[in-house]
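Topology and contacts: notes
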Amino acid sequence: MPPSDPNEDAQHVMSSDKAAVSRALNLVEDRRLESQARVAALLAALKDAPKAADGHRVGLTGPPGVGKSTLTSVLARSVRRRGLTVGVVAVDPSSIRSGGSLLGDRARMSFDPTDAGLFVRSLATAGEVGGLAYAVNSAVRVLAAAYDMVVIETTGVGQSEVDVVDVADTVVLVIQPGSGDVLQFLKAGIMEIPDILVVNKADQEELARRAVADLQGAIQTAQAVGAAGGQDADWQTPIVATSATQGTGIDALIAALEQHRKHIQSSLAARRRQGEVRWVLDLFSRKHGEHGVSTLGGPDRLEALAKRELDGGQTPLALCEQLSRGYVAALGKTP
Ligand SMILES: Nc1nc2c(ncn2[C@@H]2O[C@H](COP(=O)(O)OP(=O)(O)OP(=O)(O)O)[C@@H](O)[C@H]2O)c(=O)[nH]1
Ligand SMILES: [Mg+2]
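Notes on the structure in this doc start here. (Residues numbered from 1 in each chain as written. Chains lettered and ligands numbered in written order. Predicted model: local features only at pLDDT ≥ 70, side-chain atom pairs only at ≥ 80, totals over all residues. Heavy atoms only, no water.)

Examining the overall build of the protein chain
Assigned secondary structure in the protein chain consists of 14 helices and seven strands. When burial is assessed residue by residue, the protein chain has 49% of its 335 residues classed as buried. Restricting the contact set of the protein chain to residue pairs at least 6 apart, pairs at least 24 apart contribute 79%. Accessible area for the protein chain stands at about 15,500 Å²; split by element, carbon and sulfur atoms hold 52% of it. (Helix = DSSP H or I, 4+ residues; strand = E, 2+ residues; numbered from the N terminus. Buried < 20%, exposed > 50% of the residue type's maximum accessible area, 1.4 Å probe, protein only. Contact = heavy atoms within 4.5 Å. Areas by Shrake-Rupley, 256 points an atom, 1.4 Å probe, with all protein chains shown as cover.)

In structure tokens, the structure reads:
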């Protein structure tokens, strides 16, 4: 197959051509050097996609088995009924360990394959440090250029390889009733307060009611002590009870999402830029460690540099490669 023209590919992606989006995501997953250059060119061509600016990137995260995938499918269906298009990417870090083959099972979603306004994809990538983070960031950019809403499903609370905060406008933490961990984390200020908290499996009514009340208390405490930096002081994290299997609470979830999207509207560009800066720095330090960071002048200098380059129009992906090259060159100069 002859290499395609990235600008042409970008046009197809921006017109929500499913086959083109799918090809773009294949490319994103492919970490061979020659593909990386094509990804960079494609992302550069997608940088000013009109949909990307207006869209909503929703991160759905939470412990294994709480119902994220089930919830994603009912959410997507409801959003579609409202006339908006949806792109979903399900991330499974464990697929790295298992060689990437399990992934299809992970996203237990039911979707209408004939719906042109709905795209669902699981993401896996083997090997290399930060490979999945690369892939997710790029995949979100591709989907954001093509669809009104992008949903990113990631498993995990706390230290996961993919920090969904870096790529999502709105972070939704999904938990199930009767699970104490999240409550403890919130109380102890270990966890960042999500933008929206969902108690799924609320068909277990009594347990769900208690979970909502407990969480309400924990969030109030956490917000009162100003826990988990970087949060909006003037946003009250709503707690939404849903049953993904019974389809209840979905309208309330959509209302909360819309409200949060509206709330961040005026700071959206700055928030996304901050996320990009964090993503670049995280990835760089994961790849090159403290030595890499100090060689390039320390965290503050690196952050300022990243912000300047991104403000200047550099894509995060290209910036990462540029910083890596800078580090390698600096190493070469060290006697
Ligand atoms: N009772 C009840 N069960 C649910 C609900 N939502 C999901 N489940 C069930 O919970 C199980 C896990 O659902 P998934 O949607 O795969 O959960 P997940 O969070 O995506 O799981 P991982 O991706 O493996 O972390 C399945 O058996 C679902 O049918 C719900 O609202 N109520
Ligand atoms: Mg899942």
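Moving on from the coordinates now.
Comments concerning the environment of Lys 51
Within the element layout of this structure, Lys 51 appears in helix 4 (residues 50-54). According to the relative accessible area criterion, Lys 51 is partly exposed, its value standing at 28%. Distance in space between the C-alpha atoms of Lys 51 and Met 14 is 7.7 Å, their sequence separation being 37 residues. Setting aside residues up to four positions removed in sequence, Lys 51 forms contacts with Thr 85, Ala 144, Ala 145, Ala 146, Tyr 147 and Asp 148.

Digging into unusual backbone geometry
Even without being a glycine, Ser 16 presents a positive backbone phi close to 60°. Relative to the helices and strands, Ser 16 resides in the loop between helix 1 (6-14) and helix 2 (18-29). With phi around 60°, Lys 201 is a residue other than glycine that occupies positive phi space. Take Lys 201: it is sitting in the loop between strand 6 (196-199) and helix 10 (205-224).

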